[in-house]
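# Working through the structure, step by step
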Amino acid sequence: MKKFFIIIAFFCVSVTAMGQEGTIGDEKHSVITNSFWANWFVQANMAGTSFWGSQENSAVKLNKLFKGYRTNLGFSFALGKWFTPGIGLRTKFNGVWGRTVLGEDKAQNASRYWTLQEQALFNLSNMLMGYNEQRVWNFIPYIGAGVGRNMSYNTYGMGLSIGLLNTFRINRKWAVNLDISYGAYEPGFDGCRTQGTSSHSWKNKDRVVNVEVGLTYRLGKPSWKAAVAQDAMNALTEGEIDALNGMLADAQAENDRLQALLDKQSQPAAQPQPQRVLDPQIIAAPVSVFFDLNKSVIASQRDLQNVADLVALAKEHNAKLVVTGYADSNTGQADYNRELSQKRADTVVAEILKMGFPSGQIEIKAAGGVNTLTPSPYNRRVTVEMK
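Keep in mind that what you see is a predicted model, and the values were worked out from it rather than measured. (Residues numbered from 1 in each chain as written. Predicted model: local features only at pLDDT ≥ 70, side-chain atom pairs only at ≥ 80, totals over all residues. Heavy atoms only, no water.)

Let us now look at empty space enclosed by the protein. Scanning the model with the defined rule gives five cavities of 30 Å³ or more in all. Approximately 390 Å³ is the volume found for the largest cavity. For the largest cavity, the lining is made up of 26 residues, of which Trp82, Asn123, Asn138, Arg218 and Pro222 are closest to its centre. Of all the secondary-structure elements, those providing two or more residues to the lining of the largest cavity are β2 (40–52), β6 (137–150), β7 (155–169) and β9 (206–219). For the lining of the largest cavity, a count of residues per class yields 10 nonpolar, 11 polar and five charged. At the level of elements, β4 (87–99), β5 (110–122), β8 (174–185) and β9 are the ones that each hand at least two residues to the lining of the second largest cavity. Taken together, the residues that form the lining of the second largest cavity break down as five nonpolar, nine polar and two charged. (1 Å grid on protein atoms, 1.4 Å probe; cavity = no way out; pocket = protein on both sides within 12 Å on 5 of 7 lines; lining within 4 Å. Points joined across faces, edges and corners; volume = space filled by probe spheres on them. Helix = DSSP H or I, 4+ residues; strand = E, 2+ residues; numbered from the N terminus. Nonpolar A, V, L, I, M, F, W, Y, C, P; charged D, E, K, R; others polar.)

Here is the structure:
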């Protein structure tokens, strides 16, 4: 029994490490960590259980597994939490109508029992294929350990279990369960221990096979926000930033050239100076301000210099400014990205107001998540342009 517990612990650590390694460099496997109160769930099931006692001293034979003298109906209840999309724990209660197999008399075998186990869940669907909130079927093996009590015989036994939980999505909060498990308990748990047998052999355990059908209800926040992995978060290297700043500088130089042309065209000495009309090329040259992942704080104050130049030009021509916020559609859900793009736009507007530009001449837009620039971190920005 101790060796088995050691194997379970080693397996849990190994699978957890695999899950963590899978988040590096692969956006579909990476999510943002939720609060402690998120991703809890409760489950309630009807259970059909088949019992096999140590006194029978043999393996479970399929042709006898569902005989009426060893089967009974019961129920189960579980409370659990997903710590990542792939790793979770649940505390599970099973009971309460059982069989102590003394013969083939169904009435004679009737007993009452309960088991309580802590089980480690491994959502292989998420671990192997990446988290997907809309996935209909999740394939979740688990292992567990705990204690059982036969109330009819007032006996206890430590036990281990392995199982397969299948969940079928109804909506964000509800899912249907199909749970199949096999458990083994110390001889005597069912109230009938065979003398002189070794408790180390699996065939000398009291065993139960469960098939359960029921519902899962997710408590609190039931999902995870997608996030790029560390490599993707660092995609905006210093060289790429310099290259982008170079393009912005070229655009600003072109603006200056066009401004010089406008100034030259507006020099008739003896005539009243007409109101100048902005060249369409100037209007079409937006300035970008960039942000880090999930942040609404400007990543580099250098971007504000380009904004200041455009604000000065807009003041001179009494033009309006259009401030548009964006988020990266590869990370986060649509509602979250829309809110984030609004916050980013508001941040840049606040800086423009500090530059003395009138608020009545600013139009604010929130475009939400987009995927128009490559690499994807470039989409985490705000654009400012004249109108």
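Our next topic: the pattern of salt bridges. Side-chain pairs of opposite charge can arise where the charged atoms are in close proximity. Tallying each qualifying case throughout the model produces 11 salt bridges. For Asp335, the salt bridge goes to Arg338, with nearest N and O atoms at 3.1 Å. With a gap of three residues between them, Asp335 and Arg338 both fall in helix α9 (residues 334–354), about one helical turn apart. Arg338 sits in the partly exposed class, given a relative accessible area of 44%. (Salt bridge = Lys/Arg side-chain N within 4 Å of Asp/Glu carboxyl O. Buried < 20%, exposed > 50% of the residue type's maximum accessible area, 1.4 Å probe, protein only.)

Further remarks concern the pairing of strand β3 (residues 71–82). Across 11 bridges, β2 lies against β3 in antiparallel orientation. Looking at the pairing, Ser50 lines up with Thr71 of β3. The sheet contact formed by β3 and β4 spans eight bridges and is antiparallel. Across the sheet, the residue bridging to Trp82 is Gly88, located in β4. Hairpin connection between β3 and β4: a loop of four residues separates the two successive antiparallel strands. (Pairing = 2+ DSSP bridges.)

What follows deals with the packing of aromatic side chains. By the definition in use, this model includes 11 aromatic pairs. Their ring planes at 25° and their centres at 4.8 Å tell us that Tyr185 and Phe189 sit as a pair that is stacked. Given a relative accessible area of 3%, Tyr185 falls into the buried group. The class of Phe189 is buried, set by a relative accessible area of 4%. Aromatic rings pair up to connect Phe51, Tyr113, Tyr185 and Phe189 into one cluster. A cation sits over an aromatic face here: Lys81 above Phe83, 5.5 Å from the ring centre. (Phe/Tyr/Trp six-rings, centres within 6.5 Å; stacked < 30°, edge-to-face > 60°. Lys NZ or Arg CZ within 6 Å of the ring centre and 35° of its normal.)

This part covers α9. Between its terminal C-alpha atoms α9 stretches 31 Å, which fits the 30 Å expected from 21 residues at 1.5 Å a residue. Listed in full, the buried residues belonging to α9 are Asn337, Leu340, Ser341, Arg344, Ala345, Val348, Val349, Glu351 and Ile352. In this fold, the buried residues of α9 make contact with β11 (287–290), α8 (303–316), β12 (321–328), β13 (362–370) and β14 (381–386). Immediately downstream of α9, the backbone of Gly356 shows phi near 90°, a positive value. (Expected span 1.5 Å × (residues − 1). Contact = heavy atoms within 4.5 Å.)

Taking every second residue as pointing to the same face, both faces of β11 are buried, with Val287 and Val289 on one and Ser288 and Phe290 on the other. Note: β11 against β14, four bridges, orientation antiparallel. What sits directly across from Val289, in β14, is Val382.

Moving on, we get to the sheet that holds β12. Reading across the sheet, the four strands line up as β11-β14-β12-β13 and stay open at both edges, with mixed pairing between neighbours. The outermost strands of the open sheet, each flanked by one partner alone, are β11 and β13. Each strand axis lies, on average, 20° off the axis of its neighbour in the sheet, ignoring direction. Pairing analysis gives seven bridges linking β12 to β13, with the strands arranged parallel. In the sheet register, Thr324 faces β13, and the bridge partner there is Lys365. Each of β11, β12 and β14 is contacted by α8, which is oriented at about 145° to β11, the strand it contacts most. Relative to β13, α9 is tilted by about 145°, and along the sheet it contacts β11, β12, β13 and β14. (Axes fitted to C-alpha atoms, helices over the stretch in contact; angles between N-to-C directions.)

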